[in-house]
Amino acid sequence: MKYLLNKDYHLRGWTDYWICLEHFPSRELTELTAREGHFLMKCDGVREIDEETFAPEISRFLEKGVIEKAAGGQLLPEQAYRLYENRRFRSLNLSVTGSCDFRCRHCFNAADDSPRGVTPKTEAIIDLIRRMDECGVAKLGITGGEPLLHPGLLRITQEIKDRGMILETMNTNLYHMSPDFPDALHAQGHDPVIYTSFDGVGAHDWLRRVPGSEERTIQQIRLMKEKGFRIHVHTCVWKDSMQTVKATALKMQELNVESFRITAVEPSVRWMADSPEQLIPFGEWLAFMTDFLDWWYANRIRMDLDVWGYWYHSFGSGSARIKTVLPAELVSQYRVPFCPDAYQRPYIDCDGRIMTCLGMSGISKAYGYDWGNVYTDDLHHILRDGEMMKLLRLSVGEMKDRSPDCRECEWKKLCNFGCRAEACAQGNGIEGIDQRMCIFFKDGYYDRFRAIAKKYGIEIEA
């Protein structure tokens with residue numbers, strides 16, 4: 001009998017994953033065993049397949065609609081197995097411009113207190129998207145600077161769609177969002193989650209240094225909700241804005257925002273030059289967050305809650321994750337990558353530098369880190385053998401072994417070693433300790449967070 005791979009499925013491989021099944025247009029992947037891959041490669045509508053030898057695979061893949069009995073059809077060229085000569089990255093976060101008409105006091109993109117203005121030409125970004133596609137990248141997040149200031153943004157998003165890629169997220173301050181732009185995104189077939197910042201009722205304008213930006217942001221969140229977009233709000237907090245946090249959460253709930261992320265302002269290069277006296281000490285922030293978590297659940301707030309670096313709970317779910325803890329499904333911390341987020345989704349700055357995350361943009365310049373440039377270097381090489389890949393091969397366990405404090409710590413097997421951008425901002429370097437983790441565990445906040453979960457019937461994910 002001859003079988004044919006369903007036209008919605010393609011066979012793909014990378015240097016670290018030999019063979020996977022990719023579904024179109026969702027671009028979702030299923031990792032295959034060698035036997036499954038060998039079988040599906042035979043499903044070309046031409047070769048005879050031994051029914052007895054592959055009986056389990058035939059039954060399973062017929063039931064799932066992955067294959068069908070061949071009836072004269074042929075495998076389309078794009079369905080055939082393709083090996084990408086780089087490590088598998090399904091998603092990248094791309095800054096299309098460093099330009100921004102805000103001069104936020106805490107901007108991580110800034111390596112100093114000067115405005116940034118690097119904006120790649122539209123053609124250069126479109127060519128980069130083509131090369132990403134040739135590396136098997138399926139999904140993109142768009143950020144800046146302020147991406148709405150890029151004159152070719154809709155051409156860029158159209159190129160993403162034309163290549164069958166998915167625009168997952170768009171980070172924007174929303175100030176320049178016209179009513180027509182969301183309609184244009186929908187017309188192209190995009191439905192990204194919109195990430196925006198709102199930094200406190202009565203406090204937003206001070207941080208953003210743009211009078212009227214608070215009122216404008218609220219108006220624009222309403223606009224995007226009316227247009228049917230999902231909104232993820234990020235609230236940064238400093239000493240003088242701590243008293244606004246609860247009112248801010250209530251305001252975002254009133255606006256029907258789906259997800260609320262909160263973090264203390266990080267000690268970025270610009271922040272420490274501008275407003276170091278407003279930095280919240282780690283212990284003070286954790287005490288404040290303990291109270292905030294209790295308040296959140298007592299008031300039954302109807303949003304996802306992401307306390308950056310510490311806690312995540314999807315609204316309606318009966319379980320939450322304490323993010324400082326190593327994932328239990330990994331047998332050894334020597335299997336946990338140097339930066340789990342970058343391991344899944346690295347960041348590309350407006351000048352083409354690849355790095356772990358947007359938070360490393362200005363800090364990496366200050367430290368002089370250079371991990372490759374996607375506009376000047378071969379992208380396959382960057383995503384296979386580049387300096388960033390060498391970092392990503394480093395494990396949490398190896399970094400702890402290099403630290404005398406970690407080697408002797410009673411929390412060593414539980415602590416996830418924290419954020420690399422935070423470690424750099426604290427002056428400890430890319431492989432150094434994130435001191436927030438030390439305080440979280442040693443000062444009892446791990447137990448306090450678990451007590452709050454127990455109080456409100458929330459299961460902590462192992």
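In what follows, the structure referred to is the one given above.
The paragraphs below set out a description of the structure included in this document. (Residues numbered from 1 in each chain as written. Predicted model: local features only at pLDDT ≥ 70, side-chain atom pairs only at ≥ 80, totals over all residues. Heavy atoms only, no water.)

**Description of the overall build of the chain**
For the chain, the count of helices and strands is 19 helices and 19 strands. Taking 23 Å as the expected radius of gyration for a compact globule of 462 residues, we find that the chain reaches 24 Å, a close match to that expectation. Considered along the principal axes of its C-alpha atoms, the chain spans approximately 75 × 55 × 45 Å. Expressed as a percentage of the 462 residues in the chain, the buried residues total 53%. In the chain, 70% of the contacts between residues at least 6 apart in sequence involve partners at least 24 apart. (Helix = DSSP H or I, 4+ residues; strand = E, 2+ residues; numbered from the N terminus. Rg over C-alpha atoms; globule rule 2.2 N^0.38 Å. Buried < 20%, exposed > 50% of the residue type's maximum accessible area, 1.4 Å probe, protein only. Contact = heavy atoms within 4.5 Å.)

**Remarks on the sheet that holds strand E5 (residues 44–48)**
Pairing is antiparallel in the open sheet, where 3 strands are placed in the order E5-E1-E6. In this open sheet, the two strands that pair with only one neighbour each are E5 and strand E6 (67–69). For this sheet, the mean angle separating the axes of adjacent strands, direction not counted, is 35°. Taken together, the 3 bridges between strand E1 (residues 2–5) and E6 define a ladder with antiparallel strand orientation. When the sheet's bridge partners are listed, leucine 5 is paired in E6 with isoleucine 67. Contacts from helix H1 (residues 34–42) reach E1, E5 and E6, with the element oriented near 105° to E5. Together, E1 and E6 form the strand contacts of helix H2 (residues 55–63), whose direction differs from that of E6 by roughly 105°. (Pairing = 2+ DSSP bridges. Axes fitted to C-alpha atoms, helices over the stretch in contact; angles between N-to-C directions.)

**Focus on the packing of aromatic side chains**
What the rule picks out here adds up to 23 aromatic pairs. Both rings, one in tyrosine 369 and one in tryptophan 371, keep their centres 5.2 Å apart while their planes meet at 15°; by these two values the pair is stacked. Residue tyrosine 369 is classed as partly exposed on the basis of its relative accessible area, which comes to 22%. According to the relative accessible area criterion, tryptophan 371 is buried, its value standing at 9%. (Phe/Tyr/Trp six-rings, centres within 6.5 Å; stacked < 30°, edge-to-face > 60°.)

**Re unusual backbone geometry**
The omega torsion of the bond from phenylalanine 24 to proline 25 falls at 10°, within 30 degrees of zero and hence cis. Mapped onto the elements of the fold, proline 25 is located in the loop between strand E3 (20–23) and strand E4 (29–31). Of note, the amide linkage connecting glycine 144 to glycine 145 takes the cis form, showing an omega dihedral of 20°. With respect to the helices and strands, glycine 145 occurs in the loop between strand E9 (139–143) and helix H4 (153–162). The residue asparagine 256 is not glycine, and still its phi comes out positive at about 65°. Even without glycine at this site, arginine 300 takes up a positive phi of about 50°. When its relative accessible area of 70% is taken as the criterion, arginine 300 is described as exposed.

**Some thoughts on the pattern of salt bridges**
This model, assessed by the stated rule, comprises 35 salt bridges. The partner of lysine 251 in a salt bridge is glutamate 254, with the nearest N and O atoms 3.2 Å apart. Pair noted here: lysine 251 and glutamate 254 are both in helix H8 (residues 245–254), with a separation of 3 residues, about one helical turn. (Salt bridge = Lys/Arg side-chain N within 4 Å of Asp/Glu carboxyl O.)

**Description of the side chain of asparagine 173**
With respect to the element layout, asparagine 173 can be found in the loop between strand E10 (166–171) and helix H5 (180–188). From its side chain, asparagine 173 meets the backbone nitrogen of tyrosine 175 in a polar contact 2.9 Å long. Once you skip the residues sitting within four places of it in the chain, asparagine 173 turns out to touch Cys100, Asp101, Phe102, Glu146, Thr196 and Thr217. (Polar contact = N/O pair within 3.5 Å; in protein donor to acceptor, adjacent residues only side chain to side chain.)

**Looking at the pairing of strand E16 (residues 319–322)**
Relative to E16, strand E15 (residues 311–313) runs antiparallel, the two being bridged by 3 bridges. Looking across to E16, one finds that histidine 313 is bridged to alanine 320. The hairpin formed by E15 and E16 contains 5 residues between the paired strands, and glycine 316 there has a positive phi angle of roughly 90°. The sheet contact formed by E16 and strand E19 (residues 459–460) spans 2 bridges and is parallel. Of the residues in E19, the one forming a bridge with serine 319 is glutamate 459.

**Details of the sheet that holds strand E2 (residues 9–13)**
Spatial ordering of the open sheet is given by E4-E3-E2-E7, a layout of 4 strands whose pairing is mixed. In this open sheet, the two strands that pair with only one neighbour each are E4 and strand E7 (82–83).

**Considering the environment of alanine 138**
Of note, alanine 138 is situated in the loop between helix H3 (122–133) and E9. On the basis of relative accessibility, which here comes to 0%, the residue alanine 138 falls in the buried class. Sequence separation of alanine 138 and glycine 37 is 101 residues, and the distance between their C-alpha atoms is 21 Å. The residues contacting alanine 138, other than those within four sequence positions of it, are Glu22, Arg27, Arg90, Met165 and Ile166.

**Things to note about a negative patch on the surface**
Taken together, the side chains of Glu48, Asp50, Glu51 and Glu52 define an acidic patch exposed on the protein surface. Position of glutamate 52 among the secondary structure elements: in the loop between E5 and H2. (Patch = residues over 30% accessible without salt bridge, like charges linked within 9 Å, V, L, I, M, F, W, Y side chains within 5 Å. Areas by Shrake-Rupley, 256 points an atom, 1.4 Å probe, with all protein chains shown as cover. Lys, Arg positive; Asp, Glu negative; His and termini not counted. Charge placed at Lys NZ, Arg CZ, Asp CG, Glu CD.)

**Quick notes on empty space enclosed by the protein**
Applying the stated criterion across every chain, the model contains 1 cavity of 30 Å³ or more. Reported here for the largest cavity is a volume of approximately 40 Å³. Arg353, Ile354, Met355, Ser364, Tyr369, Asp370, Trp371 and Gly372 together form the lining of the largest cavity. Its residues assigned to classes, the lining of the largest cavity comprises 4 nonpolar, 2 polar and 2 charged. (1 Å grid on protein atoms, 1.4 Å probe; cavity = no way out; pocket = protein on both sides within 12 Å on 5 of 7 lines; lining within 4 Å. Points joined across faces, edges and corners; volume = space filled by probe spheres on them. Nonpolar A, V, L, I, M, F, W, Y, C, P; charged D, E, K, R; others polar.)

**Describing H5**
Among all positions of H5, only Phe181, Pro182, Leu185 and Gln188 are buried. Along H5, the residues classed as buried sweep out an arc of 120° about the axis, all on the same side. The outward face of H5, more than 90 degrees from its buried face, is lined by the exposed residues Asp180 and Ala187. Buried residues along H5 sit in contact with H4, E10 and helix H7 (213–226). (Arc of directions from axis to C-beta.)

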